[in-house]
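# Summary of structural features
Read off the chains here:
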Amino acid sequence: MVRWERFKKILAKTYIYLVLLLMYAPILVLVVYSFTDSDQLGIWNGFSFKLYVDLFKNESLMDAFGNTLLIAVVSGIVSTILGTLGAIGVFYSEKRFRQPVETMTQLPVVNAEIVMALSLAILFKVLNTRYSFLTLLVGHLVLTVAFVYLNVKPKLMQMDPFIYEAALDLGASPRYALFKVVLPEILPGIFSGFLISLTLSLDDFVITQYLKEPSFETVSTYIQKIVAKHPIPPEVRALSTILFAIVLVFVLAITFYNNNKAIKLLKARRGRR
Amino acid sequence: MKFRRKYLSIPYVLFLVCFVVIPVLFIVYYAFTNKGGQLSIDNLIRFFSDKTNVDVLLISFAYAIINTFICLLIGYPLAMVLANRKYNKSSVLVMLFIMPMWINFIIRTSATRDVLNWIGISTGAHSELTTIIGLVYNYLPFVVLPLYTTMLKMDRSQIEASLDLGANPFHTFFKTIIPMTMPGIVSAATMVFMPTLSSYVISDILSEYNVVLFGSYIDLYFNQADWNFGSFMALIMLLLIGLSVFITRKFSKDDRGGRSIW
């Protein structure tokens, strides 16, 4: 019986690590071959940092990288403000107003990106708008704003409804009470909304492809244009390695941070009992 | 005007009306008009009278079903092991399975293609296989997450009860564990099924344009500036999405949507 349990454990672990290995294999191959200067994947020309040097010399790729960050940060900030205000406003509205807004909010969440991109392309065609940073921004806001709303809303629901009233009774102006009382309570929701909106925007291809001005390239559109006909350019291996490292550090940091918080919360529970 | 908290939602609501609702209404309008702008059902007739169009839709369904099935087949035992404290106590490991979501999917997809080509599975000669591999690679993380969270909430004493009462592990799995995790299975399936149908970059890259999914097909007509016919197909997509949302809602009552994993 004990041996059977041990066998099951080994089987389970093997399965986890096998899937993990397969899942990361393509990206790990890029990482390994980013440290050699061969043009072709699978040919090892000896260790070298040449591709990293090439990466920083590749102006169009660097521009694309800058553009990706720019649109992600700008749309992230605007979307966070818009979505947070929306969530607060809707939360304090009558039910007959709240219901339709909730439905509208679900639309961009469930909708296919290609349908959203097309619908906006038609709108801009009808309005005779030239594609610019602004049209791209609108696209990214449509992509992200509902997620900010959906992350702030539960925090508002968890909040003690009387602290705002208490602040008003104690002489705070509505605006002061909102900033000093409500905002701190919902800050974690705002922050996670911002993060989600950043990640959605950084990764986006479809909406960007449809709504950007032709000369504006992000990492996704730039690389897609090349890989449609050729293998991944060598310097993109270096870029992928850097991006992979950043994401890895970030994800590990969040996990450790959340774990600590989870443990703290558990301890608090126990204390209260 | 006196300040009221509900006024804060005005910009948000206006934004949604202008850039989400009205554009969708435009799709409906374009779908049922012809190039001259007159009301017509030409697009509907054109879509269903040409076998190619219907075939693309059916083939996309086939790919979506296969992809969902494989993702669940790999992801379900994975989530089971990850959620079982006997085998795994590390949340970092769980995060590693979800992390690919944050790595640029164009890079990931083209890396998959280049590696497949390198080890001899050519994307030109085995387009169907490589497309499915690419789809599974992209959607597996989305399956693991909802399955894992439902399995954490699962009542383990029911499994023990089932075994104590004489059910064999096989029966316990199908009669106890699967029904208990049904909400997770449904939400995992919807995370994969509809996006596969509407995806196009993945199949384009991994099949050298040999496999055309419904998403690429819509894209094709819009690139040819055939707005009316493209809109009609987008409308079909919208209706399918509406249907899938309806089905999901019926199955899982505690699904609150959103990708909140923080």
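Treat the numbers as computed from the prediction; the structure is a model and nothing was measured. (Residues numbered from 1 in each chain as written. Chains lettered and ligands numbered in written order. Predicted model: local features only at pLDDT ≥ 70, side-chain atom pairs only at ≥ 80, totals over all residues.)

### Here we look at the overall build of chain A
- A tally of helices and strands in chain A yields eleven helices and zero strands.
- Helices and strands in chain A line up, N terminus first, as α-α-α-α-α-α-α-α-α-α-α.
- Overall, the C-alpha framework of chain A stretches about 75 × 70 × 30 Å when taken along its three principal axes.
- Looking at chain A as a whole, 38% of its 273 residues qualify as buried.
- Across chain A, every contact between residues at least 6 apart in sequence was considered, and the portion connecting residues at least 24 apart equals 77%. (Helix = DSSP H or I, 4+ residues; strand = E, 2+ residues; numbered from the N terminus. Buried ≥ 20, exposed ≤ 12 C-beta atoms within 10 Å, placed from the backbone. Contact = placed C-beta atoms within 7 Å.)

### So, the interface of chain B and chain A
- Taken residue by residue, the interface counts 70 residues in chain B and 71 residues in chain A.
- For the side of chain B that touches chain A, the elements supplying multiple residues, two or more each, are α1 (10–31), α3 (51–83), α4 (91–98), α5 (105–118), α9 (182–198), α10 (201–207), α11 (214–223) and α12 (227–251) of chain B.
- Element by element, the count of residues in the side of chain B that touches chain A is highest for α1 of chain B, at 15 residues.
- Here the side of chain B that touches chain A is composed, by residue class, of 52 nonpolar, twelve polar and six charged. (Nonpolar A, V, L, I, M, F, W, Y, C, P; charged D, E, K, R; others polar.)

### What about the confidence of the model for chain B?
All names here are of chain B.
- Summarising the model, chain B shows a mean pLDDT of 86, and 95% of its residues fall at 70 or more.
- Note on residues 254–262: pLDDT under 50 across the span, and 18 contacts to partners over four residues away in sequence or across chains.
- Among the prediction metrics, the complex's ipTM stands at 0.87, with pTM recorded as 0.87. (pLDDT = per-residue confidence, 0-100.)

### Some points on the environment of Pro108 of chain A
- Positionally, Pro108 of chain A belongs in helix α4 (residues 95–110).
- Pro108 of chain A sits 20 residues away from Ile88 of chain A along the chain, and the two C-alpha atoms are 19 Å apart.
- Not counting the four nearest positions on each side in its chain, Pro108 of chain A is found in contact with Met116, Val142, Leu143 and Ala146 of chain A together with Val20 of chain B.

### So, the domain arrangement of chain A
- Domain boundaries assigned for chain A yield domain 1 (1–48 + 234–273) and domain 2 (59–230).
- Computed from C-alpha atoms alone, the centre-to-centre distance between domain 1 of chain A and domain 2 of chain A is 29 Å. (Domains from an automatic or database assignment.)

### Regarding unusual backbone geometry
- Notably, Asn128 of chain A is not glycine yet its phi reads approximately 60°, a positive angle.
- Here Asn128 of chain A is to be found in the loop between α5 (113–126) and α6 (133–158).
- For Glu208 of chain B, which is not glycine, the phi dihedral falls at a positive 50°.
- Within the secondary structure, Glu208 of chain B is located in the loop between α10 and α11.
- Since 18 C-beta atoms lie within 10 Å of it, Glu208 of chain B is described here as partly exposed.

### Considering the packing of α9 of chain B against α12 of chain B
All names here are of chain B.
- Running from N to C, α9 and α12 cross one another at 175°; their axes reach a closest spacing of 10 Å. Comparing their axes, α12 and α9 come out roughly antiparallel. Each of Met182, Pro183, Val186, Ser187, Thr190, Phe193, Met194, Leu197 and Ser198 in α9 lies in contact with α12, whose residues at this interface are Met237, Leu240, Ile241, Ser244, Thr248 and Phe251.
- Among the residues forming the contact of α9 with α12, the class breakdown is ten nonpolar, five polar and no charged. (Axes fitted to C-alpha atoms, helices over the stretch in contact; angles between N-to-C directions. Parallel < 35°, antiparallel > 145°, perpendicular 65-115°, else oblique.)

### Remarks on the nonpolar core
- Membership of the largest hydrophobic core comes to 137 residues, with the highest contact counts inside it found for Ala117, Leu118 and Leu120 of chain A together with Val143 and Met237 of chain B.
- The element best represented in this core is helix α6 (residues 127–153) of chain B, accounting for 14 residues.
- Lining this core are residues from two domains, each supplying at least three of them: domain 1 (1–48 + 234–273) and domain 2 (59–230) of chain A.
- Those residues in contact with Met237 of chain B that lie beyond four places of it in its chain are Ala112 and Val115 of chain A together with Ser198, Phe214 and Ile218 of chain B. (Core = buried A, V, L, I, M, F, W, Y, C linked by C-beta atoms within 7 Å.)

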